[in-house]
Amino acid sequence: MEYIYKEVNFTKYCPLCEDADTYEEKDPCNECLSVPMNEHSEKPVYFKPKKK
């Protein structure tokens with residue numbers, strides 16, 4: 001039986017998130033950091049890519 005949950009790769013995705021440059025006082029990353037495992041993916045659950 002395969003384990004369906006994967007460990008989230010914060011090192012890869014956090015710099016690409018639109019909240020990456022937000023001040024830490026606003027705690028933009030708490031939602032993502034509270035969910036360290038994701039079903040079938042290593043991408044954070046609340047990941048929002050930067051807009052071009």
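Keep in mind the model is a prediction, meaning the values are calculated, not measured.

*Asks:* Got a minute to help me understand the overall build of the chain in this structure?
*Replies:* Looking only at helices and strands, the chain features two helices and two strands. In sequence order, the chain lays out its α and β elements as β-α-α-β. Expressed as lengths along the three principal axes of its C-alpha atoms, the size of the chain is roughly 40 × 25 × 15 Å. Across the 52 residues of the chain, 15% fall into the buried class. Contacts in the chain between residues at least 24 apart in sequence constitute 78% of all its contacts with a sequence separation of at least 6. When the accessible surface of the chain is split by element, carbon and sulfur atoms take 52% of a total near 4,600 Å². In the chain, 8 positive and 11 negative side-chain charges are present, and the distance between their average locations comes to 9 Å.

*Asks:* Help me out: how do you make sense of the layout of surface pockets in this one?
*Replies:* Which parts of space are left empty comes out when a probe the size of a water molecule is rolled across the atoms. Roughly 230 Å³ of volume is contained in the largest pocket. Among the secondary structure elements, those contributing two or more residues to the lining of the largest pocket are α1 (10-13) and α2 (30-33). With three residues, α2 is the single largest residue contributor to the lining of the largest pocket. For the lining of the largest pocket, a count of residues per class yields eleven nonpolar, two polar and three charged.

*Asks:* What is the right way to look at the pattern of salt bridges in this model?
*Replies:* When the charged atoms of two side chains with opposite charge come close together, those side chains can pair. Following the criterion strictly, the structure yields three salt bridges and no others. The salt bridge partner of Lys-48 is Asp-19, with a shortest N-O separation of 3.0 Å. Here Asp-19 lies in the loop between α1 and α2 and Lys-48 lies in the segment after β2 (37-39), a separation of 29 residues in the sequence.

Thresholds, definitions, all that
- Residues numbered from 1 in each chain as written.
- Predicted model: local features only at pLDDT ≥ 70, side-chain atom pairs only at ≥ 80, totals over all residues.
- Heavy atoms only, no water.
- Helix = DSSP H or I, 4+ residues; strand = E, 2+ residues; numbered from the N terminus.
- Buried < 20%, exposed > 50% of the residue type's maximum accessible area, 1.4 Å probe, protein only.
- Contact = heavy atoms within 4.5 Å.
- Areas by Shrake-Rupley, 256 points an atom, 1.4 Å probe, with all protein chains shown as cover.
- Lys, Arg positive; Asp, Glu negative; His and termini not counted.
- Charge placed at Lys NZ, Arg CZ, Asp CG, Glu CD.
- 1 Å grid on protein atoms, 1.4 Å probe; cavity = no way out; pocket = protein on both sides within 12 Å on 5 of 7 lines; lining within 4 Å.
- Points joined across faces, edges and corners; volume = space filled by probe spheres on them.
- Nonpolar A, V, L, I, M, F, W, Y, C, P; charged D, E, K, R; others polar.
- Salt bridge = Lys/Arg side-chain N within 4 Å of Asp/Glu carboxyl O.

Fair warning: the whole summary comes from geometry, so function is off the table for now.
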